[in-house]
Amino acid sequence: MFGRLSTRLLLSHLSVAVVGAGVAFLLVRLLAPVDFARRAGVVAGGAGPGPGAGSANAGRGRLLLEAFDAAINQALVVGLVAAVVVATLLAWLMVRRLLRPLDRVRTTTRALAGGDYATRVSVPREVELARLAEDINALGGALQESEARRVRLIGEVAHEMRTPLTVIDGYVEGMIDGVFAATPDRLAAVSDEARVLRRLAEDLSALSRAEEGRLSLAPATFDLTALVAETGRRLAPQFEDARVDLALVPAPPLTVSADPDRIGQVVTNLLGNALRACSPGDTVTLGIDAADGHAVVTVEDTGRGIAPAELPRIFERFYRVPDATTGTRTGTGSGIGLTISRSIARAHGGDVVAASPGPGLGSTFRLLLPLT
Ligand code: ADP
């Protein structure tokens, strides 16, 4: 019972009232008789005409004092009891009024815990409680958004899986039923679709870790210029095959503190995307720079370009520019690459940004990383 906030608040109100009333009682008790005696004495002394009148006046004064004492005692006791009763009543009303918003907050948090993410608490007038209510409402908003994302993700994943599964199912059923022979070509097609599914599973796992902020980073201090050059060299054969020129702009060493594997993954994704956006004869330029406290890796291509309306969307999960699936497919091709790349960059305190003058005019992607 004493652990309850309402009891504690009531007791604290009451103790203030009792102490106040006690101090008033003591002061009145001590000061009033003295003051009364002084005033009554002046009046009695001034009124006495003869020598016998002095003792008679003193006796009357004592009687008066005793009567005053008794009257004041009684009045004080009644006043004290009345004050404590009124204070208790008022304190109880105030405590109830003060704690009502807390009850509402509790009801809302219980509803949130029960999965009703649309519920909100009305914001009370008291500043501190208003802040608490606003925080609870913000929490509700975040939970609602995350739930909506989860539902959308399940739908998107189901959609992404449908095509490869349909193809595999069609081929395998046809082979079982003897509709067509299990030729190496058809088995290769089945294998390709199975690989798409496996890549999707890998991407989803990386995506979920990235979106939950659980990316396990193994930071090290390394030379970004060397890492970028190495990534470029590793992908050079694919560029040669596609007859796309890969130009590495020479740059001095640039030390950063980051997870080299993850950063390599981002650069690989940006180079893979650039290659896919290019036709034979196009050029991809890979540059490293330092600006505004950031190391900047720039991947610039002369390829397909991106329409202004598509630019903000390409970082969305599963978003692919409509004609993106044509041409040589490199990388994952599931529309998750840039989402993961941006999450990795942001987990390092950096970012990935895109720019393009428009369709057919090439694009520039920049990976920004804070400099040590
Ligand atoms: P994916 O994993 O399919 O490559 P991304 O998330 O990496 O998906 O890319 C999303 C979309 O952005 C792709 O559909 C692609 O068309 C577009 N995109 C990415 N990089 C470029 C680029 N350099 N030029 C033109 N379009 C690009």
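An unreviewed UniProt entry lists the chain under the name histidine kinase, with Raineyella fluvialis as the source organism. A UniProt comment under Catalytic activity (unreviewed entry) is attached to the chain, and it reads "ATP + protein L-histidine = ADP + protein N-phospho-L-histidine." Quoted verbatim from the Subcellular location (unreviewed entry) field of UniProt, the annotation for the chain is "Cell membrane".

Caption draft 1: Quick look at the sheet that holds strand β2 (residues 245–248). Spatially, the 5 strands line up as an open sheet ordered β2-β4-β5-β7-β6, and their pairing is mixed. Both outer strands of the open sheet, β2 and β6 (351–355), are each paired with one neighbouring strand and no more. Pairwise comparison of adjacent strand axes, ignoring direction, gives a mean angle of 20° for this sheet. Where strand β5 (residues 294–301) meets strand β7 (residues 363–370), 8 bridges bridge the pair, whose relative direction is antiparallel. Residue Val297 lies in a different strand from β7, and its bridge partner there is Leu367. Docked against the sheet, helix α5 (residues 224–241) engages β2, β4 (283–291), β5 and β7, running at close to 175° with respect to β4. Its contacts with the sheet place helix α6 (residues 260–277) against β2, β4, β5, β6 and β7, and it is angled at close to 175° to β7.

Caption draft 2: Main features of α6. Along its 18 residues, α6 runs 26 Å from first to last C-alpha, staying within 8% of the 26 Å computed at 1.5 Å per residue. The buried fraction of α6 is high, at 13 of 18 residues. Its side-chain oxygen placed 3.1 Å from the backbone nitrogen of Asp261, Asp259 serves as the N-cap of α6.

Caption draft 3: The arrangement of the UniProt feature "domain: HAMP" (unreviewed entry) in the chain in detail. Residues given the UniProt feature "domain: HAMP" (unreviewed entry) here are residues 96–148. The distance from the first to the last C-alpha atom of residues 96–148 is 37 Å, and the span holds 75% helix and 0% strand.

Caption draft 4: Structural detail: unusual backbone geometry. Residues other than glycine seldom take positive phi values, yet Arg243 does so here, at roughly 55°. With respect to the helices and strands, Arg243 occurs in the loop between α5 and β2. Classification of Arg243 as exposed rests on a relative accessible area of 59%. Of note in the backbone geometry, Asp292 takes a positive phi value of approximately 50° without being a glycine. Among the structural elements, Asp292 can be located in the loop between β4 and β5. Taking relative accessible area as the criterion, Asp292 reaches 76% and is therefore assigned exposed.

Caption draft 5: Quick look at the nonpolar core. Leu224, Ile263, Leu270, Leu271, Val284, Ile314 and Leu367 are the most contacted members of the largest nonpolar core, which totals 47 residues. Counting only elements with at least two residues in this core, the list comes to α4 (184–211), α5, β3 (255–258), α6, β4, β5, α7 (337–347) and β7. With 7 residues, the single largest contributor to this core is α6. Counting contributing residues, this core receives three or more from each of domain 2 (130–212) and domain 3 (220–370). Sequence-distant contacts of Leu271, defined by excluding residues within four places in its chain, comprise Thr231, Gly232, Leu235, Phe239, Leu246, Val284, Leu286 and Val299. Counting 5 residues, the second-largest nonpolar core is a separate cluster that includes Val105, Leu112, Val121 and Ile136.

Conventions and cut-offs
- One numbering rule holds for all chains: residues counted from 1, following each sequence as written.
- For this predicted model, a pLDDT threshold of at least 70 governs which residues receive local features, and a threshold of 80 or more governs which side-chain atom pairs are given and counted, while totals over whole chains, interfaces and linings are taken from all residues.
- Hydrogens and waters are ignored; side-chain quantities use all the structure's heavy atoms.
- UniProt positions are given in the numbering used here, feature names are shortened, and annotations may be inferred rather than shown by experiment.
- Two strands qualify as a pair provided DSSP detects at least 2 bridges between them.
- Every helix listed is a DSSP run of H or I at least four residues long, and every strand listed is a run of E at least two residues long, numbered separately from the N terminus.
- Each axis is a line fitted through C-alpha atoms, taken for helices only over the stretch in contact, and angles between the N-to-C directions span 0 to 180 degrees.
- Working rule for contacts: check all heavy atoms of both residues, and any pair within 4.5 Å makes them a contact.
- Given a helix with a known number of residues, its expected span is that number minus one, times 1.5 Å.
- Accessibility here uses a 1.4 Å probe with only protein chains present; expressed as a share of the type maximum, an area under 20% marks a residue as buried, one over 50% as exposed, and anything in between as partly exposed.
- Pairs of N or O atoms are called polar contacts if they sit within 3.5 Å, as long as, within protein, a hydrogen donor faces a hydrogen acceptor (for residues adjacent in sequence, only side-chain-to-side-chain pairs).
- Residues grouped as a nonpolar core are buried Ala, Val, Leu, Ile, Met, Phe, Trp, Tyr and Cys residues, joined through side-chain atoms within 4.5 Å.
- Segmentation into domains, and thus their bounds, comes from an automatic or database assignment.

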